[in-house]
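Chain by chain, the residues:
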Amino acid sequence: MAFSGKYQLESHEGFEAFMKSIGIPDDLIEKGKDIKSTSEIEQNGDNFKVTVTTGSKVLVNSFTVGQEAELETLTGEKVKSVVTKEGNKLKVILKGIESITELVDANTLVNTMTLGNLTYKRVSKRV
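Residues numbered from 1 in each chain as written. Predicted model: local features only at pLDDT ≥ 70, side-chain atom pairs only at ≥ 80, totals over all residues. Heavy atoms only, no water.

## A closer look at the overall build of the chain
Counting its secondary structure elements, the chain contains two helices and eleven strands. Starting at the N terminus and walking to the C terminus, you meet the elements of the chain as β-α-α-β-β-β-β-β-β-β-β-β-β. With the C-alpha coordinates of the chain rotated into their principal frame, the extents come out at 40 × 30 × 30 Å. Pairs at least 24 apart in sequence give 39% of the contacts found in the chain among residues at least 6 apart. Distance from the positive charge centre (17 side chains) to the negative charge centre (18 side chains) of the chain: 2 Å. (Helix = DSSP H or I, 4+ residues; strand = E, 2+ residues; numbered from the N terminus. Contact = heavy atoms within 4.5 Å. Lys, Arg positive; Asp, Glu negative; His and termini not counted. Charge placed at Lys NZ, Arg CZ, Asp CG, Glu CD.)

Written as structure tokens, this is what we have:
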């Protein structure tokens, strides 16, 4: 299955505790918890461009699977890492946060971020 497409956040679990643990200020957590973000993925072979729009905040990361790339974190920091692909899963570790994005079926994208014992899970549907 191809990742390409536009996805809208349908539900999420663990948002507040996870965001607090990575240093997002309480006022931004409060504003962000009810916003339905949109993720747009452009895939061309192993080349990806991922654009996540949450309210007025836009996060754009471009990378090639298996090659080091500079990626922006949730806090806006830029770090170098390598994204790997295993079947319908994209995996990356950024500043100790393991992020797995899985295309569970043709229309459902699940992103799970783990830091220590905290997990933030996002379920988005293709629009």
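## Topic: the layout of surface pockets
The space that makes up the largest pocket amounts to roughly 1,200 Å³. Lining the largest pocket are 46 residues; nearest its centre among them are Val52, Leu59, Thr73, Leu74 and Met113. By residue class, the composition of the lining of the largest pocket is 27 nonpolar, 13 polar and six charged. (1 Å grid on protein atoms, 1.4 Å probe; cavity = no way out; pocket = protein on both sides within 12 Å on 5 of 7 lines; lining within 4 Å. Points joined across faces, edges and corners; volume = space filled by probe spheres on them. Nonpolar A, V, L, I, M, F, W, Y, C, P; charged D, E, K, R; others polar.)

## So, the sheet that holds strand β2 (residues 38-44)
If you walk across this open sheet you meet the nine strands as β4-β3-β2-β1-β11-β10-β9-β8-β7, and the pairing is antiparallel. Looking along the sheet, the strands with just one partner apiece sit at the ends: β4 (57-64) and β7 (84-86). Sheet twist, expressed as the average angle between the axes of neighbouring strands with direction ignored, equals 25°. Note: strand β1 (residues 5-13) against strand β11 (residues 118-126), six bridges, orientation antiparallel. In the sheet register, Tyr7 faces β11, and the bridge partner there is Arg126. (Pairing = 2+ DSSP bridges. Axes fitted to C-alpha atoms, helices over the stretch in contact; angles between N-to-C directions.)

## Here we look at the environment of Ala69
For Ala69, the location among the structural elements is in strand β5 (residues 68-72). Its relative accessible area of 12% is what places Ala69 among the buried residues. Among all residues touching Ala69, those that are not within four sequence positions of it are Ser62, Phe63, Val79, Lys80 and Ser81. (Buried < 20%, exposed > 50% of the residue type's maximum accessible area, 1.4 Å probe, protein only.)

## Details of the pattern of salt bridges
According to the stated counting rule, one finds seven salt bridges in the structure shown. A salt bridge links Glu30 to Lys33; its shortest N-O distance comes to 3.1 Å. For the salt bridge of Glu72 with Lys78, the shortest nitrogen-to-oxygen distance reads 3.6 Å. (Salt bridge = Lys/Arg side-chain N within 4 Å of Asp/Glu carboxyl O.)

## What about the pairing of β5?
Two faces belong to every sheet, and in a regular strand the side chains alternate between them. Of the strand pairs in this sheet, β5 and strand β6 (residues 78-82) are connected by five bridges, and their pairing is antiparallel. Considered in β6, the bridge of Ala69 is made with Ser81. Linking β5 back to β6 in an antiparallel pair, the connection comprises five residues, with Gly76 at a positive phi of about 95°.

## With respect to the environment of Lys80
Tracing the chain through its elements places Lys80 in strand β6. Sequence-wise, Lys80 and Phe48 are 32 residues apart; in three dimensions their C-alpha atoms are separated by 16 Å. Discounting chain neighbours no more than four positions away, the residues touching Lys80 are Glu68, Ala69 and Glu70.

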